[in-house]
Amino acid sequence: MTEVSKEIKYRRDVGVDPNEISRRKVLGFIGWGTFWATIAATLAGTGRYMFPEVTYEESPIFKAGSPKEYLPGVSTKYLASQRVWIINDGGIIYALIAICTHLGCTPDWLPNENKFKCNCHGSGYYISGVNYEGPAPRAMERAKIYVDETGELVVDKSKKFLYEDGGWENPESFVKV
Ligand code: FES
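Conventions we followed
- Residue positions are counted from 1 within each chain, in the order its sequence is given.
- Confidence filtering applies because this is a predicted model: local features only for residues at pLDDT of at least 70, side-chain atom pairs given and counted only at 80 or more, and all residues used for totals across whole chains, interfaces and linings.
- Where side-chain values are given, they derive from all heavy atoms of the structure, hydrogens and water being excluded.
- Note on terminology: disulfide denotes any pair of cysteine sulfur atoms within 2.5 Å.
- In this description a helix means any DSSP run of H or I spanning at least four residues, a strand means any run of E spanning at least two, and both kinds are numbered starting from the N terminus.
- Only protein chains enter the accessibility calculation, which uses a 1.4 Å probe. A residue is then buried if its area is under 20% of the maximum for its type, exposed if over 50%, and partly exposed in between.
- Paired strands, in this sense, are two strands between which DSSP finds at least two bridges.
- What makes a nonpolar core is a set of buried Ala, Val, Leu, Ile, Met, Phe, Trp, Tyr and Cys residues whose side-chain atoms join them at distances within 4.5 Å.
- What makes two residues a contact is simply this: any of their non-hydrogen atoms within 4.5 Å.
- Salt bridges are counted wherever a side-chain nitrogen of Lys or Arg sits within 4 Å of a carboxyl oxygen of Asp or Glu.
- Each pair of aromatic rings taken from Phe, Tyr and Trp, with Trp reduced to its six-membered ring, is defined by centres within 6.5 Å and is described as stacked if the planes are under 30 degrees apart, edge-to-face if over 60, and tilted in the remaining cases.
- Here, a charge over a ring means that NZ of Lys or CZ of Arg falls within 6 Å of the ring centre while also lying within 35 degrees of the ring normal.

Caption draft 1: How the structure looks around the state of the cysteines. Using the criterion set out here, one finds one disulfide in the structure. Each sulfur in the disulfide pair C105 and C120 lies 1.9 Å from the other. When the S-S torsion is -95 degrees, as for the bridge of C105 with C120, the disulfide is left-handed. Here C105 is found in the loop between β4 (92-97) and β5 (108-110), whereas its partner C120 is found in the loop between β6 (115-117) and β7 (124-125), with 15 residues between them in sequence. For C105, a relative accessible area of 23% gives the class partly exposed.

Written as structure tokens, this is what we have:
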């Protein structure tokens, strides 16, 4: 006769509910289950702390070659890789960030119409980046641009200039050619 069978017999003999044993066992299992679940959750939390999720973003700064490379007009050379147009317009070069100020699509440069056009909802921008049609609420932004000690253009997208607050007059927002 096993220990449990003996216990059941004993309980029957003394008039106590023998099912009380299995209930206690079940409660015991639940107790241990909760204990181990807590340990597992704690270890998982510690693991996340020791190995945090890290995202490696590209640098917002890139070199864009000599200013002499940029003839008057819009260069799409860095559109795919940096989402920036380098524009030589009226004696200055600026880096226009190719993000529509409506909902963030990338407008197209239409050289024959001398404008940027966003196909998402129809916003239009002059070559300067100023909006003039469609739902875009303001001009596109320009990035910091300068010539480094080697004579190369450098664009820094982490520093942006807004037309609306006079940022395009800041000498860091363009390079004279
Ligand atoms: S995202 Fe460009 S017009 Fe809407």
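Caption draft 2: Fine view of the pairing of β4. Burial of β4 is extensive: five of the six residues sit out of reach of the surface. Sheet topology places strand β3 (residues 84-89) next to β4; six bridges connect them, and they run antiparallel. In the sheet register, I87 faces β4, and the bridge partner there is Y94. Counting the residues in the hairpin turn of β3 and β4 gives two residues, including G90, whose phi is positive at 65 degrees. Judged from the two bridges that link them, β4 and strand β11 (residues 175-176) form a sheet pairing that is antiparallel. Counterpart to I92 in the pairing with β11 is K176. Note that β4 and strand β9 (residues 142-147) share two bridges and pair antiparallel. Looking at the pairing, L96 lines up with R142 of β9.

Caption draft 3: Region of the structure containing the nonpolar core. Residues V74, W85, I87, L96 and F116 are the most contacted members of the largest nonpolar core, which totals 15 residues. Of all the secondary structure elements, the ones that give two or more residues to this core are β3 and β4. Beyond its immediate chain neighbours, meaning those up to four positions away, I87 contacts G73, V74, I92, I93, Y94, L96, F116 and I127. Counting 14 residues, the second-largest nonpolar core is a separate cluster that includes V84, A95, I97 and I145.

Caption draft 4: Representation of the pattern of salt bridges in the model. Evaluation of the coordinates by the stated rule reveals nine salt bridges. Among the ionic pairs, D148 bridges to K63, the shortest N-O distance being 3.0 Å. Of this pair, D148 sits in the loop between β9 and β10 (153-161) while K63 sits in strand β1 (residues 61-63), and the two are 85 residues apart along the sequence. Classification of D148 as buried rests on a relative accessible area of 11%.

Caption draft 5: Looking closely at the packing of aromatic side chains. Per the counting criterion, the structure on display carries five aromatic pairs. Both rings, one in Y126 and one in Y132, keep their centres 4.4 Å apart while their planes meet at 20 degrees; by these two values the pair is stacked. With relative accessibility at 43%, the residue Y126 sits in the partly exposed group. By relative accessible area, Y132 is classed as partly exposed at 34%. Ring pairs connect the aromatic residues W85, W109 and F116, which therefore count as one cluster. The aromatic ring of Y94 is capped on one face by R142, whose charged end is 3.6 Å from the ring centroid. The ring of W168 carries the charged tip of R142 above its face, separated from the ring centre by 3.7 Å.

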